[in-house]
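Tertiary structure, described
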Amino acid sequence: MRDSRSSPDKLYQPGIFDGVPPVARFVLFNLSHGVDAAAIQQALTRLTPQVDGSDVVVGIGPSLVKALGAEIPNLHEFPDFSRDGVKVPSTPGVLWCWMRGSDLGDLLHVTRKVQKALAPAFSVQRAIDGFRHAYQEGGHGHDLTGFEDGTENPTGEKAEEAAFAHGLGEGLDGSSYVAVQQWVHDLDAFEALGDAEKDNAFGRRLSDNEEIEDAPETAHVKRTAQESFDPEAFLLRRSMPWMAGMQAGLMFVAFGKSHQAFEQQMRRMAGHEDGIVDAMFTISKPVNGAYFWCPPMRDGRLDLRKLGLGVT
């Protein structure tokens, strides 16, 4: 891993702000049976030197915080947003790592280093390989449907405002709250749609990515327009396509200063507000969903003071 250091005034894990890499691994770890708080602390202490926040972004699950006898404000488990035939499962996770790079072989070796640092207290539950699709310099990556992903992402100071906690004090400022969902696409169902139906499902034209003003209320753009919520629900999306064999979809990853903005959007997508369900559910479905807290950085390493580690 390269020697990456966040600048003194930037406390966040830099990989969150850097955008999506060419390839990535999304690795979820479980706690081993019978492990105690001391063993967890030792494992996380071994992990810290392996993490620069750039090549590896780390998220801590609510159950892990609890196991350490700690408390992180605004962190809780992923709710079950399911309703009336719309399934949005909650599958809580313990520890999440976003391995970022340009070569999957290299990321395998990074994964093994992290795995060894965390063993035997933690074990790998699953690892999903992601990639950047149809990327154009200066633009965004595309979903496997061909539509551009992340068009409405805030940038610059607005992105920092949306994605990172501030005003909470040392050990919390610069941290981020991430929602992670694996969506499985039904590409046959998508391909069966006409061109206009495809555009209306997203609320944008595939040809030029322009928003369609008179798109139906089920259009994804209308369901998730960040400025249409009260309060506004801005997130920093870092989603990436994934595939395993002939199954494929989108690893939805969204960072926020809390989980509030994601919950506002997800509730509307599932139709909790007005009974209107986002058209995305006709061509894709989430199969898991979890929340994590991404600690800030301190002196180039994860700042785990709020978990009782690295206190000086």
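Computed from a predicted model, the values in this text were never measured in an experiment. (Residues numbered from 1 in each chain as written. Predicted model: local features only at pLDDT ≥ 70, side-chain atom pairs only at ≥ 80, totals over all residues. Heavy atoms only, no water.)

Right, let's talk about the environment of Trp 183 for a bit. Along the chain, the position of Trp 183 falls in strand β5 (residues 176-185). On the basis of relative accessible area, Trp 183 is assigned to the buried category, the value being 7%. Sequence separation of Trp 183 and Arg 25 is 158 residues, and the distance between their C-alpha atoms is 15 Å. Apart from residues lying up to four places away in sequence, Trp 183 is in contact with Trp 242, Ala 248, Gly 249, Leu 250, Phe 252, Met 266, Met 269, Phe 281, Ser 284, Lys 285 and Pro 286. Of the polar contacts made by the side chain of Trp 183, one reaches the side chain of Gln 181; its length is 3.2 Å. (Helix = DSSP H or I, 4+ residues; strand = E, 2+ residues; numbered from the N terminus. Buried < 20%, exposed > 50% of the residue type's maximum accessible area, 1.4 Å probe, protein only. Contact = heavy atoms within 4.5 Å. Polar contact = N/O pair within 3.5 Å; in protein donor to acceptor, adjacent residues only side chain to side chain.)

Moving on to the packing of helix α2 (residues 37-47) against helix α4 (residues 104-118). Each packed pair of helices is defined by two parameters, the angle between the axes and the distance between the axes. Packing of α2 against α4 leaves a shortest axis separation of 7 Å and a crossing angle of 150 degrees. Like other packed secondary-structure pairs, α2 and α4 cross with a definite hand, here right-handed. Facing α2, whose interface residues are Ala 43, Leu 44, Arg 46 and Leu 47, α4 presents Val 114, Ala 117 and Leu 118. Residue composition of the contact of α2 with α4, by class: six nonpolar, no polar and one charged. (Axes fitted to C-alpha atoms, helices over the stretch in contact; angles between N-to-C directions. Left-handed = near helix turned anticlockwise from the far one by under 90°. Nonpolar A, V, L, I, M, F, W, Y, C, P; charged D, E, K, R; others polar.)

So, on to the packing of aromatic side chains. Applying the stated criterion to the full structure yields 16 aromatic pairs. Arranged with centres 6.4 Å apart and planes meeting at 80 degrees, the rings of Phe 147 and Phe 190 form a pair that is edge-to-face. Pair noted here: Phe 147 is in the loop between β4 (122-131) and α5 (156-163) and Phe 190 is in helix α6 (residues 187-191), with a separation of 43 residues, a long-range link. Across the pair, exposure class does not vary: Phe 147 and Phe 190 are buried alike. Site record: aromatic cluster; members linked through ring pairs are Phe 26, Trp 96, Trp 98, Phe 255 and Phe 292. A cation sits over an aromatic face here: Lys 198 above Phe 190, 5.0 Å from the ring centre. Cation over ring: Arg 268 sits above Phe 229, and NZ or CZ is 3.7 Å from the ring centre. (Phe/Tyr/Trp six-rings, centres within 6.5 Å; stacked < 30°, edge-to-face > 60°. Lys NZ or Arg CZ within 6 Å of the ring centre and 35° of its normal.)

Now for unusual backbone geometry. Here Ala 119 and Pro 120 are connected by a cis peptide whose omega angle stands at 0 degrees. With respect to the element layout, Pro 120 can be found in the loop between α4 and β4. In this chain, Asp 230 is followed by Pro 231 through a cis amide linkage whose omega measures 0 degrees. Mapped onto the elements of the fold, Pro 231 is located in the loop between α8 (220-223) and β6 (236-237).

From the geometry alone we can't say anything about function, so treat these as descriptive.
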